[in-house]
Amino acid sequence: QVQLVESGGGLVQAGGSLRLSCACSGRTFSGFAMGWFRQAPGKEREFVAAISWSGGSTYYADSVKGRFTISRDNAKNTVFLQMNSLKPEDTAVYYCVADKIPAGIWSIEYEYDYWGQGTQVTVSS
């Protein structure tokens, strides 16, 4: 059974930092892109960031570019999202995703078959 398990969410003040982790298990993820989406209360889910299997290519939403960094450790089947300079508008449930898809569609949520259960990030002003 494939599982993606996020951790690292929590409550932080504006300007602070959090590091999310997503551990994957249940199959081989060789060649898989991995990424993060988020959903704020009352809003649609949106793309945050994605990274290639090798880690050599990354892609970010404009809203987080320069503040968030995605990385991965393939030996541990884990992807990370370092979030700095957090803002109240970053408050959302953050979801980890994985699938073997090309870079051109990384930002499209329905292209991903594998999803985590989500972790809450709350940024207070």
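Here, every reference points to the structure presented above.
The model shown is predicted, which means the values in this text are computed figures rather than measured ones.

Undergrad: What is the right way to look at the overall build of the protein in this model?
TA: Scanning the protein from N- to C-terminus turns up zero helices and eleven strands. Helices and strands in the protein line up, N terminus first, as β-β-β-β-β-β-β-β-β-β-β. Relative to the compact-globule value of 14 Å for 125 residues, the protein shows a C-alpha radius of gyration of 13 Å, a close match. Overall size of the protein, expressed as C-alpha extent along the three principal axes, is 40 × 25 × 25 Å. Once local pairs closer than 6 in sequence are excluded, the contacts in the protein between residues at least 24 apart make up 58%. Of the roughly 6,200 Å² of accessible surface on the protein, a fraction of 47% belongs to carbon and sulfur atoms. Here the protein contributes 11 positive and 11 negative side-chain charges, whose respective centroids are spaced 6 Å apart.

Undergrad: Looking at this model, I keep getting lost on unusual backbone geometry. Mind explaining?
TA: Leave glycine aside and you will find that most residues have negative phi; peptide bonds, for their part, are mostly trans. Here Asn-77, not a glycine, exhibits a phi torsion of approximately 50 degrees, which is positive. Counting through the fold element by element, Asn-77 comes out in the loop between β7 (68-73) and β8 (78-83).

Undergrad: Which parts of the structure should I look at to understand the state of the cysteines?
TA: Joining two cysteines, a disulfide is a covalent bond between their sulfur atoms. Within the structure shown, the criterion is met by one disulfide. For Cys-22, the disulfide goes to Cys-96, at an S-S distance of 2.1 Å. Here Cys-22 and Cys-96 share a disulfide; its torsion about the S-S bond, -85 degrees, makes the bridge left-handed. Placement of the pair is Cys-22 in strand β3 (residues 18-25) and Cys-96 in strand β9 (residues 92-99), with a sequence separation of 74 residues.

Undergrad: What is the right way to look at the packing of aromatic side chains in this model?
TA: The geometry of an aromatic ring pair comes down to the distance between the two centres and the angle between the two planes. Taken as a whole, this structure holds eight aromatic pairs when the rule is applied. A centroid spacing of 5.4 Å and a plane angle of 80 degrees characterise the contact between Phe-29 and Phe-32, whose relative ring orientation is edge-to-face. Taking the centre distance of 6.3 Å and the plane angle of 75 degrees together, the rings of Phe-29 and Tyr-114 count as edge-to-face. In this pair, Phe-29 sits in the loop between β3 and β4 (33-39) while Tyr-114 sits in strand β10 (residues 114-115), placing the two residues 85 residues apart along the sequence. Classification of Phe-29 by relative accessible area gives buried; the value is 2%. Of the aromatic side chains, those joined through ring pairs into one cluster are Phe-37, Phe-47, Tyr-59, Tyr-95, Tyr-112 and Trp-115. A cation sits over an aromatic face here: Arg-45 above Tyr-95, 5.0 Å from the ring centre. Against the face of Trp-115 rests Arg-45, its NZ or CZ located 4.2 Å from the ring centre.

Cut-off values and rules
- Residues numbered from 1 in each chain as written.
- Predicted model: local features only at pLDDT ≥ 70, side-chain atom pairs only at ≥ 80, totals over all residues.
- Heavy atoms only, no water.
- Helix = DSSP H or I, 4+ residues; strand = E, 2+ residues; numbered from the N terminus.
- Rg over C-alpha atoms; globule rule 2.2 N^0.38 Å.
- Contact = heavy atoms within 4.5 Å.
- Areas by Shrake-Rupley, 256 points an atom, 1.4 Å probe, with all protein chains shown as cover.
- Lys, Arg positive; Asp, Glu negative; His and termini not counted.
- Charge placed at Lys NZ, Arg CZ, Asp CG, Glu CD.
- Disulfide = S-S within 2.5 Å.
- Phe/Tyr/Trp six-rings, centres within 6.5 Å; stacked < 30°, edge-to-face > 60°.
- Buried < 20%, exposed > 50% of the residue type's maximum accessible area, 1.4 Å probe, protein only.
- Lys NZ or Arg CZ within 6 Å of the ring centre and 35° of its normal.

Distances and angles like these do not, on their own, reveal function.
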